Each structure stands twice: as structure tokens, then as C-alpha cells.
Amino acid sequence: MEPHDYKIINIEGEYATLKDLDSGEELFITLFLLPDGSDIGTKLHYENLSYEIVD
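Criteria and thresholds
- Residues numbered from 1 in each chain as written.
- Predicted model: local features only at pLDDT ≥ 70, side-chain atom pairs only at ≥ 80, totals over all residues.
- Heavy atoms only, no water.
- Core = buried A, V, L, I, M, F, W, Y, C linked by side-chain atoms within 4.5 Å.
- Buried < 20%, exposed > 50% of the residue type's maximum accessible area, 1.4 Å probe, protein only.
- Helix = DSSP H or I, 4+ residues; strand = E, 2+ residues; numbered from the N terminus.
- Contact = heavy atoms within 4.5 Å.
- Pairing = 2+ DSSP bridges.
- Axes fitted to C-alpha atoms, helices over the stretch in contact; angles between N-to-C directions.
- Phe/Tyr/Trp six-rings, centres within 6.5 Å; stacked < 30°, edge-to-face > 60°.

J.: Which residues make up the nonpolar core, and what are the values?
T.: With 9 residues, the main nonpolar core is built from Tyr6, Ile8, Ala16, Leu18, Ile29, Leu34, Leu44, Tyr46 and Tyr51. For this core, the secondary structure elements donating two or more residues are strand 1 (4-12), strand 2 (15-20) and strand 4 (43-47). When residues no more than four places from it in sequence are discounted, the contact partners of Tyr6 are Leu18, Lys19, Asp20, Leu21, Leu27, Thr42, Lys43, Leu44, Tyr46 and Tyr51.

Here is the structure:
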């Protein structure tokens, strides 16, 4: 799977909604898979089956 950049746009309970910064598509994912410190507005880079917080 190719790398993607996302922004967290919503958090409800144990789930977050991510928005792909290139395509605008939304992804619903468990917070368990996201790095510590993830919050609404956090930008993430996805590559090699893991997410990383980016500035």
C-alpha cells in the first residue's frame, strides 16, 4: 500500500475519522492503531502499516 497523509477530523469514543489530504476521502479507524498524542487536528503519515505524527 502506498503512503498517505491524513488529518484527524473527528474523535468519537475509541474511534477517529481521518481525512486523506490528497483525495479528501474519509477513513474510520480505532484510536488503538494511532500514535500516542493523536487528537483532532493532528496530521498523520501512513506508511508500512503504521501511522506517524507529522508537523
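After presenting the structure, the write-up continues.
J.: Let's hear about the sheet that holds strand 5 (residues 50-54): which residues, and what values?
T.: Pairing is antiparallel in the open sheet, where 5 strands are placed in the order 3-2-1-4-5. Looking at which strands have only one partner, the edges of the open sheet turn out to be strand 3 (26-30) and strand 5. With direction set aside, neighbouring strand axes in the sheet form an average angle of 40 degrees. As paired strands, strand 4 and strand 5 are joined by 5 bridges and run antiparallel to one another.

J.: Outline the environment of Pro35, listing residues and values.
T.: Positionally, Pro35 belongs in the loop between strand 3 and strand 4. The contacts of Pro35, once residues within four sequence positions are left out, are Leu44, Tyr51, Glu52 and Ile53.

J.: Help me get a handle on unusual backbone geometry, residues and values and all.
T.: Positive phi outside glycine occurs at Asn48, with the angle close to 55 degrees. Looking at where Asn48 falls in the secondary structure, it is placed in the loop between strand 4 and strand 5. With phi around 65 degrees, Leu49 is a residue other than glycine that occupies positive phi space. Along the chain, Leu49 turns up in the loop between strand 4 and strand 5. Overall, the relative accessible area of 74% leaves Leu49 in the exposed class.

J.: Explain the packing of aromatic side chains to me, and be specific about the residues and the numbers.
T.: The tally for this structure, following the rule as stated, stands at 3 aromatic pairs. Aromatic pair Tyr6 and Tyr51: ring centres 6.2 Å apart, planes at 55 degrees, arrangement tilted. Residue Tyr6 is found in strand 1, and its partner Tyr51 is found in strand 5; the two are separated by 45 residues along the sequence. Of the two residues, Tyr6 and Tyr51, neither departs from the other in class, the shared state being buried. Ring centres of Tyr46 and Tyr51 lie 4.7 Å apart, and the angle between their planes is 50 degrees; this geometry places the pair in the tilted category. Here Tyr46 falls in the buried class, since its relative accessible area comes to 9%.

Distances and angles like these do not, on their own, reveal function.
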